[in-house]
Amino acid sequence: MQMIEFYYDFGSPKSYFVHKLLPVIAQKYHIQIIQKPILLGGIFKLSNNKSPIEAFAEVKGKLAYDRQETERFVARHELPYRPNPYFPIMTISLMRGAIYAIDQDWQEDYTQVIFDAIWVDAKKMDDPNVMEQVLAEAHLPAKQIMAATQTPTIKSALIEATNDAVARNVFGAPTLFIGDEMFFGKEGLADIDYFLSQN
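This section reports on the structure supplied with the text. (Residues numbered from 1 in each chain as written. Predicted model: local features only at pLDDT ≥ 70, side-chain atom pairs only at ≥ 80, totals over all residues. Heavy atoms only, no water.)

1. Let's talk about the layout of surface pockets
Counted only if it meets this: Lining residues are those with an atom within 4 Å of a point, where the points come from a 1 Å grid over the protein atoms alone and group into cavities, where a 1.4 Å probe fits but cannot get out, or pockets, open sets with protein on both sides within 12 Å along at least five of seven lines. Grid points are joined across faces, edges and corners, and a volume is the space filled by probe spheres set on the points. The numbering of helices and of strands both runs from the N terminus, where a helix is a DSSP run of H or I of at least 4 residues and a strand a run of E of at least 2. Note on residue classes: Ala, Val, Leu, Ile, Met, Phe, Trp, Tyr, Cys and Pro are nonpolar, Asp, Glu, Lys and Arg are charged, and everything else, Gly too, is polar.
Roughly 1,300 Å³ of internal volume is contained in the largest pocket. The wall of the largest pocket is formed by 40 residues, among which Gly-11, Pro-13, Pro-52, Ile-53 and Phe-87 lie closest to the centre. Looking at the lining of the largest pocket, the elements with two or more residues in it are α1 (13-29), α2 (40-47), α3 (52-55) and α4 (62-77). It is α4 that contributes the most residues to the lining of the largest pocket, 8 residues altogether. The residue inventory of the lining of the largest pocket, partitioned by class, reads 21 nonpolar, 10 polar and 9 charged.

See below:
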């Protein structure tokens, strides 16, 4: 089965949008989604990139337009979404948890729960107490996950995943790959649909 690799960070609202909409494309073309958690702050540092808030802070009207465009996108796709009042969120523990979740039978549940906690329920998920409570309420192995995020193995694995992404020229999130074809941002979804329709 053909695969699409999805590089994401929970702190990226556009990663959340792709997370919600990519399964529709995957089902349409019978393609498997491979989740690739990375640390976006590390990606920015290693690729000499900046977050949009920082990069466009002095560009008149740019951030206001981004908010307006996001509202249109959310309305068009009827997505549940609330801007998080604690943004930007430090996601290192959340992304370590995503690394630990890889190949677990609850991986999809973990991804869904964390994305929704940030971008639907607008929770302060960089507070470890909030993170653990959210996981427990979702009947995920909260204490096991929290403990794993502090282990050298998981810490190193997230660093390695981030370095590997930069080696593939990933400079932000969400980034998606079909083979060697790279697609960036929520806007990449339409290009992916077209690309798959031609193959």
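2. A look at the sheet that holds strand β4 (residues 181-184)
To be explicit about the condition: DSSP bridges decide pairing: two strands pair if at least two such bridges lie between them. Between the N-to-C directions of two axes lies an angle of 0 to 180 degrees, each axis being a line fitted to C-alpha atoms and, for a helix, fitted only over the stretch in contact.
Spatial strand order, β2-β1-β3-β4: 4 strands in an open sheet with mixed pairing. Two strands in the sheet have a free side with no partner beyond their single neighbour: β2 (32-37) and β4. Geometrically, the sheet is characterised by an average inter-axis angle of 20° between neighbouring strands, direction not taken into account.

3. Considerations on the pairing of β2
Applied cut-off: By convention, orient the strands away from the viewer: a clockwise path from the first strand over the helix to the second makes the crossover right-handed.
Strand direction decides the pairing type here: strand β1 (residues 3-8) and β2, joined by 6 bridges, are parallel. Bridged to Ile-4 within β2 is Ile-33. The β-α-β motif built from β1, the intervening α1 and the parallel element β2 has right-handed crossover chirality.

4. Observations concerning the pairing of β1
Rules: When accessible area is computed with a 1.4 Å probe and restricted to protein chains, residues below 20% of their type maximum are described as buried, those above 50% as exposed, and intermediate ones as partly exposed.
Buried residues dominate β1, accounting for 5 of its 6 residues. For β1 and strand β3 (residues 175-178), the ladder comprises 3 bridges, and the chain directions are antiparallel. Within β3, the residue paired with Tyr-7 across the bridge is Thr-175.

5. Focus on the side chain of Thr-70
Let me state the cut-off plainly: Here, two residues are considered to be in contact whenever any of their heavy atoms come within 4.5 Å of each other.
If you trace the backbone, Thr-70 turns up in helix α4. Apart from residues lying up to four places away in sequence, Thr-70 is in contact with Phe-17 and Tyr-81.

6. As for helix α9 (residues 152-167)
Spelled out, the test is: Helix span, as expected, comes to 1.5 Å for every residue beyond the first. The arc in question is formed by the directions pointing from the helix axis toward the C-beta atoms.
In this model α9 runs 22 Å from its N-terminal to its C-terminal C-alpha over 16 residues, within 8% of the 22 Å that 1.5 Å per residue would give. Listing the buried residues of α9 in full gives Ile-154, Leu-158, Ala-161, Thr-162 and Ala-165. Each buried residue of α9 sits inside an arc of 95° when the element is viewed along its axis, so together they form one side. Seen from the open side of α9, the exposed residues pointing more than 90 degrees away from its buried face are Pro-152, Thr-153, Ile-159 and Ala-167. Buried residues along α9 sit against β1, β2, α2, α5 (92-101) and α8 (142-148).

7. Concerning the nonpolar core
Threshold: To form a nonpolar core, buried Ala, Val, Leu, Ile, Met, Phe, Trp, Tyr and Cys residues must be joined to one another through side-chain atoms within 4.5 Å.
Counting 48 residues, the largest nonpolar core has Phe-10, Leu-94, Tyr-110 and Leu-135 as its most contacted members. In terms of nonpolar packing, the next biggest core, distinct from the first, is built from 9 residues, Ile-38, Phe-44, Ala-173 and Phe-177 among them.

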